[in-house]
Amino acid sequence: METKSFSVSECISEGWEYSKKHGLLMAVILFGLGIISQGFSSMFSFIGGVNPFDTQEAARQLGERMAQGDTQAMFDYFRMMSATSAGSWVGAILSSLVLVGLYNFALGIISGRFSSLEFDVFKMPLMVYVKYFAVSVITGILTGVGLLLCVIPGIYIGARLQFATIYIVDNPDADIIEALKASWEMTSGQVMSLIGFALACFGITIIGLLCCCVGVYFAEAVTIFATVCAYNVLKQA
């Protein structure tokens, strides 16, 4: 089988060019998503009886109470963790809803289906959103388990499955297993290049953080376009 290859620098460069034209509005949407997600996280923290800006201190105090034999502290701890987890899940679901549309937009811009960011990019079948979220969770769990196994397996799994979510957006009728298999196949022989690509995207994110922090949202727009460019190269190879 012919080894598939792609240029990390070319994908990053193309992602940057697309972002210069369309990334600003994407960044605004991602910024809004961050604000809303943080709002939900804070709300659930308050429900759990914890100041959202002082969760570490609250956890420390509860730990001291449990060490002293305070049984109520145990129930308070579980309530706090349940509220925090609920906030995280709500944030993850909201992120999936937005990212499906943004990846659909990026795919459409590159293929010519879209010329600008409009509400139509979010008009995807409900099952696409469900499958996208499910694939995100599955790949996250598999990568997490791999990271626990001496780190390297997690990096390998993450590299091989990173395009499964985009495949779902690009192929709305595909099922979860098909998406995972497709990502695994298109990344065959490209693990080292994909690790380099991930490091390049991480570097872009760091640069975004240095730009008064809000630049991280534009950096995320760049990485979305760059990732879709990499996906298109590999799926056609």
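Anything mentioned here points back to the structure above.
Residues numbered from 1 in each chain as written. Predicted model: local features only at pLDDT ≥ 70, side-chain atom pairs only at ≥ 80, totals over all residues. Heavy atoms only, no water.

### What about the packing of aromatic side chains?
Stage number 1. This model, assessed by the stated rule, comprises 7 aromatic pairs.
Stage number 2. Judged by centre distance (5.6 Å) and plane angle (20°), the rings of Tyr 18 and Phe 225 are stacked. Taken together, the positions of Tyr 18 in helix α1 (residues 8–47) and Phe 225 in helix α9 (residues 215–236) put the pair 207 residues apart, joining distant regions of the chain.
Stage number 3. Accessibility expressed as a relative area gives 0% for Phe 225, which makes it buried. (Phe/Tyr/Trp six-rings, centres within 6.5 Å; stacked < 30°, edge-to-face > 60°. Helix = DSSP H or I, 4+ residues; strand = E, 2+ residues; numbered from the N terminus. Buried < 20%, exposed > 50% of the residue type's maximum accessible area, 1.4 Å probe, protein only.)

### Here's the deal with unusual backbone geometry
Stage number 1. Unlike most non-glycine residues, Cys 150 shows phi in positive territory, near 70°.
Stage number 2. Counting through the fold element by element, Cys 150 comes out in the loop between α4 (126–148) and α5 (152–161).
Stage number 3. By relative accessible area, which is 67% here, Cys 150 ends up exposed.
Stage number 4. In the Ramachandran plot, Val 151 falls in the positive-phi region, its phi being about 70° despite a non-glycine side chain.
Stage number 5. Tracing the sequence through the fold places Val 151 in the loop between α4 and α5.

### Thoughts on the nonpolar core
Stage number 1. Of all hydrophobic cores here, the largest spans 52 residues; its most connected members are Met 26, Tyr 103, Phe 105, Phe 163, Phe 197 and Ile 224.
Stage number 2. Breaking this core down by element, the ones donating at least two residues are α1, α3 (71–111), α4, α5, α6 (164–170), α7 (176–186), α8 (191–210) and α9.
Stage number 3. With 11 residues, the top contributor of residues to this core is α9.
Stage number 4. Leave out the neighbours within four places in its chain, and Phe 105 touches His 22, Met 26, Phe 114, Ser 116, Leu 117, Val 121 and Phe 225. (Core = buried A, V, L, I, M, F, W, Y, C linked by side-chain atoms within 4.5 Å. Contact = heavy atoms within 4.5 Å.)

### Thoughts on α4
Stage number 1. Helix length check: α4, at 23 residues, gives a terminal C-alpha distance of 34 Å against a target of 33 Å (1.5 Å per residue), a fit within 8%.
Stage number 2. Among all positions in α4, only Val 128, Tyr 129, Lys 131, Tyr 132, Val 135, Thr 139, Thr 143 and Gly 146 are buried.
Stage number 3. Downstream of α4 by one or two residues, Cys 150 has phi in the positive range, about 70°. (Expected span 1.5 Å × (residues − 1).)

### Notes on the environment of Ser 116
Stage number 1. Along the chain, the position of Ser 116 falls in the loop between α3 and α4.
Stage number 2. Distance from Ser 116 to Lys 21, taken between C-alpha atoms, is 9.2 Å for residues 95 residues apart in sequence.
Stage number 3. Beyond its immediate sequence surroundings of up to four residues, Ser 116 is in contact with Phe 105 and Ile 109.

### Structural notes on the pattern of salt bridges
Any two side chains of opposite charge can pair if their charged atoms end up close together.
Stage number 1. Applying the stated criterion to the full structure yields 3 salt bridges.
Stage number 2. Note that Glu 17 is salt-bridged to Lys 20, the shortest N-O span being 3.3 Å. In this pair, Glu 17 and Lys 20 are both assigned in helix α1, 3 residues apart and thus about one turn of the helix distant.
Stage number 3. Take Glu 17: its relative accessible area is 38%, and that puts it in the partly exposed class.
Stage number 4. Taking the shortest distance from any N to any O, the salt bridge between Asp 120 and Lys 123 comes out at 3.0 Å.
Stage number 5. Among the residues examined, Asp 120 registers a relative accessible area of 36% and is labelled partly exposed. (Salt bridge = Lys/Arg side-chain N within 4 Å of Asp/Glu carboxyl O.)

### What to know about the environment of Leu 107
Stage number 1. Topologically, Leu 107 is positioned in helix α3.
Stage number 2. Relative accessible area serves as the criterion here: at 4%, Leu 107 is assigned to the buried category.
Stage number 3. Distance from Leu 107 to Tyr 231, taken between C-alpha atoms, is 9.5 Å for residues 124 residues apart in sequence.
Stage number 4. Sequence-distant contacts of Leu 107, defined by excluding residues within four places in its chain, comprise Arg 113, Ile 166, Val 169, Asp 170, Val 228, Tyr 231 and Asn 232.

### Details of a nonpolar patch on the surface
Stage number 1. A surface patch of nonpolar side chains, about 430 Å² in accessible area, is lined by Ile 141, Val 145, Leu 148 and Leu 149.
Stage number 2. By secondary structure assignment, the location of Leu 149 is in the loop between α4 and α5.
Stage number 3. The exposed category is assigned to Leu 149, whose relative accessible area is 52%. (Patch = residues over 30% accessible without salt bridge, like charges linked within 9 Å, V, L, I, M, F, W, Y side chains within 5 Å. Areas by Shrake-Rupley, 256 points an atom, 1.4 Å probe, with all protein chains shown as cover.)

### A closer look at the packing of α5 against α7
Stage number 1. One way to put it is that α5 packs onto α7 with a least axis distance of 7 Å and a crossing angle of 105°. By the angle between their axes, α5 is roughly perpendicular relative to α7. Packed against α5, whose contacting residues are Tyr 156, Arg 160 and Leu 161, the element α7 presents Leu 180, Ser 183, Trp 184 and Glu 185 at the interface.
Stage number 2. By residue class, the composition of the contact of α5 with α7 is 4 nonpolar, 1 polar and 2 charged. (Axes fitted to C-alpha atoms, helices over the stretch in contact; angles between N-to-C directions. Parallel < 35°, antiparallel > 145°, perpendicular 65-115°, else oblique. Nonpolar A, V, L, I, M, F, W, Y, C, P; charged D, E, K, R; others polar.)

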